[in-house]
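The lines below spell out each chain.
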4 protein chains.
Amino acid sequence: MKYSLNSRKVAEATEQCLKERGVKKRDIAELVLFLQKDYIPGLTLEEVYGHMERVLAKREVQNAILTGIQLDVLAEQGKLMQPLQDIIYNDEPLYGCDEILALSIVNVYGSIGFTNYGYIDKKKQGVLSMLNDKNDGKIHTFLDDIVGAIAAATSSKIAHGYQAELEKKQLTESEDANNI
Amino acid sequence: MKYSLNSRKVAEATEQCLKERGVKKRDIAELVLFLQKDYIPGLTLEEVYGHMERVLAKREVQNAILTGIQLDVLAEQGKLMQPLQDIIYNDEPLYGCDEILALSIVNVYGSIGFTNYGYIDKKKQGVLSMLNDKNDGKIHTFLDDIVGAIAAATSSKIAHGYQAELEKKQLTESEDANNI
Amino acid sequence: MKYSLNSRKVAEATEQCLKERGVKKRDIAELVLFLQKDYIPGLTLEEVYGHMERVLAKREVQNAILTGIQLDVLAEQGKLMQPLQDIIYNDEPLYGCDEILALSIVNVYGSIGFTNYGYIDKKKQGVLSMLNDKNDGKIHTFLDDIVGAIAAATSSKIAHGYQAELEKKQLTESEDANNI
Amino acid sequence: MKYSLNSRKVAEATEQCLKERGVKKRDIAELVLFLQKDYIPGLTLEEVYGHMERVLAKREVQNAILTGIQLDVLAEQGKLMQPLQDIIYNDEPLYGCDEILALSIVNVYGSIGFTNYGYIDKKKQGVLSMLNDKNDGKIHTFLDDIVGAIAAATSSKIAHGYQAELEKKQLTESEDANNI
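Residues numbered from 1 in each chain as written. Chains lettered and ligands numbered in written order. Predicted model: local features only at pLDDT ≥ 70, side-chain atom pairs only at ≥ 80, totals over all residues. Heavy atoms only, no water.

Going by an unreviewed UniProt entry, chain A carries the name Phosphatidylglycerophosphatase and comes from Paenibacillus swuensis.

What follows is the structure in structure tokens.
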């Protein structure tokens, strides 16, 4: 039978993969809250979920998640060829393909997310601290960058949406003023 | 008065800028048709316009267009500091900031647009040939890359949309089959 | 024993991987000649090899090559998880992680290589035509992009070197003139 | 007279520009020390300068510096067209062309620098705090990102160099051991 992509299956597999590797949506949402709390007063987890779903629905994002987790899993099982096996297994500092895949996630909502991504990655904030624990036998060389990137992209999306709302509100207020 | 961004004005200025620099939407749409004609049978200019509007509505895209055209205009007027003035005026081959801004446009619909961007840029297809004419006194060091990037991003958007439609059609057909 | 990276082994593995997947250095060098022949008169294969070795010596480049070929090989053996297996096996058009890894290779010598990469990728020039043959049972979803990216990065390096030589020559000539 | 690029002049203008905008090389070197002090024991300012010179000698880096500072200066003088003038003057949060140019600097030594760039940009470390002061009439919308990017690229270069030295030392030690 001819190959034919099924987008729903790609989306479901992505969600399943994140869950199986120990990342809950709430974990990512809390990273977003941490990044945005000083800029968007009163931002709630509920609102974050809504925006995050849109980020996770992007094919570009799903591709990066599936590819990165696949490499983590194979490294954990010792099934990569050498020296790539050692490099990924040990999260070698000079290996940057994890950052590259992560950047393709951030890019989906534009360059204003670059600094947020770098910041939480370095700070090992929230769930990122667990993913960076090198003593539990789990390999998350790609996943920690991916999770940080999803949080950064969601933050960018929220920033764009917040500006749109502000302007809508200003417009209404100015219309109200004119109607007096 | 406190500064407050007006998104509508940014969008209008972007449209105005493209027009004033001699780029019609039809020019870009024809680049898209050239890129997609072999993949999307029956694609019409009307459909291309619809997708292109969505690309041009992205703030990231508008920022790159306004910034690039500003640098072109200032170089044309001889108002940049040296040696940047000479570099942009002469479209210096080792200067790559034009490609960088262009890539930020392509990125908005993901990495599958990279090769389309490079391809039409090299081929000097359609309006890109006019923009590369070095003998008319006009400086389009940034604009030719920007126009190619808008066409490439629109092509990516169309490719994603086409897949979604294909799957929807397959779903309906399979439901029809099951109903027999 | 504590893990310790051995850079020589990474370099050797990269060279070995390319060879085993059917890509000769001469194939890549000929892509470079194709890209540069109109700009650098008299460019020889020997000179291209020299520059290409420097590109291939970059860790960032080696990482992308090893990672991409690993994913190709696993897809060929049917060992990836679904739906990633189908996506990479069928070189799914909406999958862009191959372009992303390729771009990390191009970036090493800067943005002026973006368009060259896109151009030969689309043209399926030289060895890229063989790598894109979908009927030989071989999977080169990542490798074709990687090979194009190595050629584009080498071209950028040559362009930078050519400019340096031009300026050196001009300097000598102007010094000679002053000495008369 | 035909235009002909003079690389020495580009390099000198870059150095001059940074100085005139209030950024001393020592400022950037201290950012590098801050980023690397935990990874490279005993790293000195002298060593940092050596690596930083190599980063600043890259044409790609010089292009981004000259272009970014040019836009800052014109915004400071009120000479950009609207609404770009307001956007850059006010360091508008949804404007990302500054991050994009910065990333082209980071990229020169590869993706391992992305997170360092994001981290110091967010932390407003050292000179970045001065560049972000919005009350001194100076506009540094591009420059703060550029300075952070130079520091991040230099850090990547140092990390690559440190690994090379480590391996050289291990090689010598193992040769010594074999000679006993």
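Undergrad: Can you lay out unusual backbone geometry for me, pointing to particular residues and giving the numbers?
TA: With omega at 0°, the peptide bond leading from Gln 82 of chain A into Pro 83 of chain A counts as cis. Checked against the element boundaries, Pro 83 of chain A lands in the loop between helix H4 (59-76) and helix H5 (84-89). Unusually for a residue other than glycine, Asp 91 of chain D sits at a positive phi of about 45°. Along the chain, Asp 91 of chain D falls in the loop between helix H5 (84-89) and helix H6 (97-106). A positive phi angle, near 50°, is found at Lys 124 of chain D, a position not held by glycine. Along the polypeptide, Lys 124 of chain D turns up in the loop between helix H7 (114-123) and helix H8 (127-131). (Helix = DSSP H or I, 4+ residues; strand = E, 2+ residues; numbered from the N terminus.)

Undergrad: Lay out the environment of Thr 141 of chain B in plain terms, naming residues and giving numbers.
TA: Residues and elements named next belong to chain B. By secondary structure assignment, the location of Thr 141 is in the loop between helix H8 (127-131) and helix H9 (143-179). In this structure, the C-alpha to C-alpha distance between Thr 141 and Met 130, residues 11 residues apart in sequence, is 12 Å. Other than its neighbours up to four places away in sequence, Thr 141 contacts Asp 72, Ile 88, Asp 91 and Asp 98. At a separation of 2.6 Å, a polar atom in the side chain of Thr 141 contacts the main-chain carbonyl oxygen of Ile 88. (Contact = heavy atoms within 4.5 Å. Polar contact = N/O pair within 3.5 Å; in protein donor to acceptor, adjacent residues only side chain to side chain.)

Undergrad: Help me get a handle on the interface of chain D and chain C, residues and values and all.
TA: Every contact between the two is made by 15 residues of chain D and, on the other side, 15 residues of chain C. When chain D packs against chain C, the two sides together hide about 1100 Å² of surface, and 35% of this comes from carbon and sulfur. A per-residue breakdown of the area chain D buries against chain C is headed by Glu 60, Asn 107 and Glu 167 of chain D, which together make up 34% of the total. Scanning the region where chain D abuts chain C turns up 0 salt bridges. In this structure, the connection of chain D to chain C is made through 8 residue pairs in polar contact (both at pLDDT 80 or more). By residue number, the principal contributor to the side of chain D that touches chain C is helix H9 (residues 143-179) of chain D, which donates 4 residues. (Buried area = accessible area lost by both parts, 1.4 Å probe. Salt bridge = Lys/Arg side-chain N within 4 Å of Asp/Glu carboxyl O.)

Undergrad: Before we move on, could you go through the state of the cysteines and cite the residues and values that matter?
TA: A full pass over the atoms with the stated rule returns 0 disulfides over all chains. Unpaired in this structure, Cys 97 of chain D has its nearest cysteine sulfur neighbour in Cys 97 of chain B, at a distance of 11 Å. For Cys 97 of chain D, a relative accessible area of 1% gives the class buried. (Disulfide = S-S within 2.5 Å. Buried < 20%, exposed > 50% of the residue type's maximum accessible area, 1.4 Å probe, protein only.)

Undergrad: Before we move on, could you go through the relation of the copies chain D and chain C and cite the residues and values that matter?
TA: Applying a rotation about an axis and a shift along it to one chain copy brings it onto the other copy. With an RMSD of 0.0 Å, the operation that places chain D on chain C is a rotation of 180° combined with a shift of 0.0 Å along the axis. In the structure described here, the two chain copies are related by an operation that fits a two-fold rotation axis. Measuring from the rotation axis to each C-alpha of chain D, the shortest distance belongs to Val 108 of chain D, at 2.7 Å. Comparing interface residues between copies, 100% of those in chain D also sit at the interface in chain C, which points to an isologous, same-surface contact. (Least-squares fit on C-alpha atoms with pLDDT ≥ 70 in both.)

Undergrad: Break down the environment of Arg 21 of chain A for me, citing the residues and quoting the values.
TA: All names here are of chain A. The topology assignment puts Arg 21 in the loop between helix H1 (7-20) and helix H2 (25-36). Note on Arg 21: relative accessible area 11%, which makes it buried. A polar side-chain atom of Arg 21 sits 2.6 Å from a polar atom in the side chain of Glu 76.

Undergrad: Outline the packing of aromatic side chains, listing residues and values.
TA: Centre distance and the angle of the planes are the two values used to describe a pair of aromatic rings. Tallied over the full model, the rule gives 10 aromatic pairs over all chains. Considering the side-chain rings of Tyr 95 of chain B and Phe 142 of chain B, the 6.1 Å spacing of their centres and the 80° angle between planes classify their relative orientation as edge-to-face. Pair noted here: Tyr 95 of chain B is in the loop between helix H5 (84-89) and helix H6 (97-106) and Phe 142 of chain B is in the loop between H8 and H9, with a separation of 47 residues, a long-range link. Across the pair, exposure class does not vary: Tyr 95 of chain B and Phe 142 of chain B are buried alike. Every member of this aromatic cluster is reached through a ring pair, and the members are Phe 34 and Tyr 119 of chain A together with Phe 34 and Tyr 119 of chain D. (Phe/Tyr/Trp six-rings, centres within 6.5 Å; stacked < 30°, edge-to-face > 60°.)

Undergrad: Tell me about the interface of chain A and chain C, and name the residues and values.
TA: If you look at the interface, chain A gives 32 residues, while chain C gives 32 residues. Of the roughly 2700 Å² buried at the junction of chain A and chain C (both faces included), carbon and sulfur atoms supply 73%. When the buried area of chain A at its contact with chain C is split by residue, Tyr 3, Gln 70 and Met 81 of chain A rank highest and sum to 22% of it. Seen at the junction of chain A and chain C, the total is 0 salt bridges. Where chain A packs against chain C, one counts 6 residue pairs in polar contact (both at pLDDT 80 or more). Secondary structure elements with two or more residues in the side of chain A that touches chain C: H1, H4, H5 and helix H6 (97-106) of chain A. Take the side of chain A that touches chain C: its biggest share by element is 10 residues, from H4 of chain A. Looking at side-chain class alone, the side of chain A that touches chain C contains 20 nonpolar, 7 polar and 5 charged residues. (Nonpolar A, V, L, I, M, F, W, Y, C, P; charged D, E, K, R; others polar.)

Undergrad: Which residues make up helix H1 (residues 7-20) of chain B, and what values go with them?
TA: All names here are of chain B. The end-to-end C-alpha separation of H1 is 20 Å, in line with the 20 Å expected for 14 residues at 1.5 Å each. Of the positions making up H1, those classed as buried are Ser 7, Val 10, Ala 13, Thr 14, Cys 17 and Leu 18. For H1, the buried positions fall inside an angular range of 130° around the axis, keeping them on one side. With respect to the buried face of H1, the exposed residues turned more than 90 degrees away are Arg 8, Lys 19 and Glu 20. Its side-chain oxygen 3.1 Å from the backbone nitrogen of Arg 8, Asn 6 forms the N-cap of H1. Where H1 terminates, the next one or two residues include Gly 22, which has phi positive at roughly 90°. (Expected span 1.5 Å × (residues − 1). Arc of directions from axis to C-beta.)

Undergrad: Tell me what's going on with the side chain of Asn 116 of chain C, and back it up with residues and numbers.
TA: With respect to the helices and strands, the residue Asn 116 of chain C is situated in helix H7 (residues 114-123). Among all residues touching Asn 116 of chain C, those that are not within four sequence positions of it are Lys 122 of chain B together with Leu 35, Gln 36, Ala 152 and Ser 155 of chain C.

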